[in-house]
Amino acid sequence: MIVTKQPTLRKFWYPVVRFSDLQEAPLPFVLLGQKIVLWKTAEGGIACLQDRCCHRTAKLSLGYLEDDNVVCGYHGWTFAPDGKCVRIPQQPEQAVPQNAKVQAYKAVEKYGYVWVTLDEPLTDIPDFPEAGQPGFRQVHQFYETWDIGALRLMENSFDSAHVAFVHRATFGDVQRPQIVPRELTQKPFGFVSVQSNPVVVRGDLAQKAVHTESKETVRHTNSEWYMPFVRRTSIRYPTGLIHVLITCATPITDDRSMILQWVYRNDTEADVSTEEVIAFDRAITFEDKAILESCEPDVPLSSVDGEELHMLSDRPGLIMRRMLSQLLREHDETEQRLAS
Ligand code: FES
Ligand code: CO
């Protein structure tokens, strides 16, 4: 699948930047190959426009903010949050032409991030029950670009077979490559998966992070995949600790994604500090990053003979491919490949 070429992918919400990054200057981002510019408006709203001035195509993100508007840094044409040009400073006596406008997109704040959709969204932003729930804290873990196709990370998040190998230095064990059965239920938004895995707990940090002094524990996981590139995994440990991982892969281009991850935990800073919670998952995620960046970004939705071979544990990923393929068909689209 080639993310920037499938119009259906524009019909979803994607987290793009941290809300706290919206400051005094217009902020650029590239979503699905589309250059956008974001800023905060006085009423607490978020403006999102195509990052291309309709005069001579300069990036509006190189300009500056004036009240609720963005002023192009090239010749000063000024655009309101709805994309309409409200001023051409060189000709103040003349009315601004009707067609002087740039495309505006919907943008909202949720969970501390700015979410954007480039078209009428097919679904809402996923609802995470732990957000704002008493007893749970939120820890922002990372926000960074990886050189991967977004679907690779989603598949990896539900691929139990990689743990023994990719994570052999952290919580995996190469001596135990066997897969524990997974209960998987398809839903309109994606799927739900339930699984209980024994895992290794290596080192003081890991022991502290999962509240145990033992070198082994069990993770009871309840996970959801939200089409196309969001997953929530709630991990319950025998001690009662709940560690909920939210991982989003927002496609920048076909081979580059913004990876956002945060967690909700039912413990406190006094139990495990924010830095330790970040460091614990960070080490694990770096292991995934190294391998995933070596995989080709393009994921074939429909099997091409011999292109990729599968095993039983690949079922969640294959369901993702099938559901995304179905989604494209429902919107009269066919899968486009990177090479084609
Ligand atoms: Fe923006 Fe000229 S390019 S005002
Ligand atoms: Co992994």
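Keep in mind the model is a prediction, meaning the values are calculated, not measured.

### Re the pairing of strand β2 (residues 27-31)
(1) Moving on: Alignment of β2 against strand β3 (residues 34-40), held across 5 bridges, turns out to be antiparallel. Paired with Leu31 across the bridge in β3 is Gln34.
(2) Moving on: The antiparallel hairpin formed by β2 and β3 contains 2 residues in its connecting segment, where Leu32 sits at a positive phi of about 50°.

### Brief notes about the sheet that holds strand β10 (residues 113-117)
(1) Moving on: Pairing within the open sheet is antiparallel, and its 3 strands lie in the order β1-β10-β9. Because the sheet does not close on itself, it has two edges, and the strands there are β1 (14-18) and β9 (106-110). Averaged over all neighbouring strand pairs, the angle between strand axes comes to 35°, with direction disregarded.
(2) Moving on: As paired elements, β1 and β10 share 4 bridges and run antiparallel to each other. When the bridges of β10 are listed, Pro15 appears paired with Trp115.

### Focus on the coordination of the cobalt ion (ligand 2)
(1) Moving on: Taken together, His162 (NE2), His167 (NE2), Asp288 (OD) and Asp288 (OD) make up the protein donors of the cobalt ion (ligand 2), found 2.0 to 2.6 Å from the metal.
(2) Moving on: Geometry at the cobalt ion (ligand 2) is irregular, judged from the 4 donor atoms that bind it and their angles of 56 to 153° at the metal.
(3) Moving on: Counting along the primary sequence, the residues that act as donors to the cobalt ion (ligand 2) give the motif H-x4-H-x120-D. Note that His167 is positioned in the loop between α2 (163-166) and β12 (183-187) and Asp288 in helix α4 (residues 274-292), a separation of 121 residues in sequence. Both residues of the pair, His167 and Asp288, count as buried.

### Considerations on helix α1 (residues 150-157)
(1) Moving on: When you tally the buried positions in α1, you get 8 out of 8 residues, the bulk of the element.
(2) Moving on: Those residues of α1 not exposed but buried are Ala150, Leu151, Arg152, Leu153, Met154, Glu155, Asn156 and Ser157.

About the cut-offs
- Residues numbered from 1 in each chain as written.
- Chains lettered and ligands numbered in written order.
- Predicted model: local features only at pLDDT ≥ 70, side-chain atom pairs only at ≥ 80, totals over all residues.
- Heavy atoms only, no water.
- Pairing = 2+ DSSP bridges.
- Helix = DSSP H or I, 4+ residues; strand = E, 2+ residues; numbered from the N terminus.
- Axes fitted to C-alpha atoms, helices over the stretch in contact; angles between N-to-C directions.
- Donors = N, O, S within 2.8 Å, 3.2 Å for Na, K, Ca; no water.
- Tetrahedral: all angles 85-135°; square planar, octahedral: opposite > 155°, others 65-115°.
- Buried < 20%, exposed > 50% of the residue type's maximum accessible area, 1.4 Å probe, protein only.

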